[in-house]
Amino acid sequence: AVALGENINILILDTEVYSNTGGQSSKATPLGSVAKFAQKGKRTQKKDLGGLLMTYKGVYVASCAMGANYAQCVKALQEAEAHDGPS
């Protein structure tokens, strides 16, 4: 859908671990982080989902931390909804 430029909205909530398994390391876990089954720290880089999506034309990508700036999160969601194309 993203590659086709369809007008869809995708919301990714990044906890940086597999939350449904009690905090196992995932592809979203930052390098060096200690998590379940990675007590010595993760040895690979975190996958950059936003960066991957930005390789497609006309895609709106925003990143925010709700606890840090609530207004920025609301603005990003409004802009994504208004964007004509994948966001």
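To be clear, the structure that these remarks concern was listed above.
Engineer: Please set out the overall build of the protein chain residue by residue, giving values where relevant.
Structural biologist: For the protein chain, the helix and strand inventory stands at 2 helices and 2 strands. Of the regular secondary structure in the protein chain, the N- to C-terminal order runs β-β-α-α. Relative to its full complement of 87 residues, the protein chain shows a buried share of 21%. Here the analysis covers contacts within the protein chain between residues at least 6 apart in sequence; of these, 32% occur between residues at least 24 apart. Here the protein chain displays about 6,500 Å² of accessible surface, and carbon together with sulfur accounts for 56% of that area.

Engineer: With reference to specific residues and values, describe helix 2 (residues 70-82).
Structural biologist: Between its first and last C-alpha, helix 2 extends 19 Å over 13 residues, near the 18 Å set by a 1.5 Å rise per residue. Buried residues of helix 2: Cys73, Ala76 and Ala80, and no others. Seen end-on, helix 2 carries its buried residues on one side only, within an arc spanning 60°. Away from its buried face, by an angle of more than 90 degrees, helix 2 presents the exposed residues Tyr70, Ala71, Gln78, Glu81 and Ala82. The residue sitting at the N-terminus of helix 2 and contributing the capping side-chain oxygen is Asn69; that oxygen lies 3.3 Å from the backbone nitrogen of Ala71.

Engineer: Outline the pattern of salt bridges, listing residues and values.
Structural biologist: Per the counting criterion, the structure on display carries 1 salt bridge. Here Glu79 and Lys75 are joined by a salt bridge, their closest N and O atoms 3.8 Å apart. A residue pair is termed a helical-turn pair when its members lie 3 or 4 positions apart in one helix, as Glu79 and Lys75 do in helix 2 at 4 residues.

Engineer: Could you give me a rundown of empty space enclosed by the protein, with the residues and numbers involved?
Structural biologist: Under the counting rule described, the total for this entry stands at 1 cavity of 30 Å³ or more. Reported here for the largest cavity is a volume of approximately 30 Å³. If you trace the largest cavity, you find it lined by Val2, Ile10, Leu53, Val59, Tyr60, Pro86 and Ser87.

Engineer: How would you sum up the layout of surface pockets? Please name residues and give values.
Structural biologist: The calculated volume of the largest pocket comes to roughly 830 Å³. Around the largest pocket, the lining comprises 25 residues; the ones closest to its centre are Leu11, Ile12, Ala62, Ser63 and Cys64. Looking at the lining of the largest pocket, the elements with two or more residues in it are helix 1 (49-53) and helix 2. The element contributing the most residues to the lining of the largest pocket is helix 2, with 5 residues. Among the residues forming the lining of the largest pocket, the class breakdown is 16 nonpolar, 4 polar and 5 charged.

The rules behind these values
Residues numbered from 1 in each chain as written. Predicted model: local features only at pLDDT ≥ 70, side-chain atom pairs only at ≥ 80, totals over all residues. Heavy atoms only, no water. Helix = DSSP H or I, 4+ residues; strand = E, 2+ residues; numbered from the N terminus. Buried < 20%, exposed > 50% of the residue type's maximum accessible area, 1.4 Å probe, protein only. Contact = heavy atoms within 4.5 Å. Areas by Shrake-Rupley, 256 points an atom, 1.4 Å probe, with all protein chains shown as cover. Expected span 1.5 Å × (residues − 1). Arc of directions from axis to C-beta. Polar contact = N/O pair within 3.5 Å; in protein donor to acceptor, adjacent residues only side chain to side chain. Salt bridge = Lys/Arg side-chain N within 4 Å of Asp/Glu carboxyl O. 1 Å grid on protein atoms, 1.4 Å probe; cavity = no way out; pocket = protein on both sides within 12 Å on 5 of 7 lines; lining within 4 Å. Points joined across faces, edges and corners; volume = space filled by probe spheres on them. Nonpolar A, V, L, I, M, F, W, Y, C, P; charged D, E, K, R; others polar.

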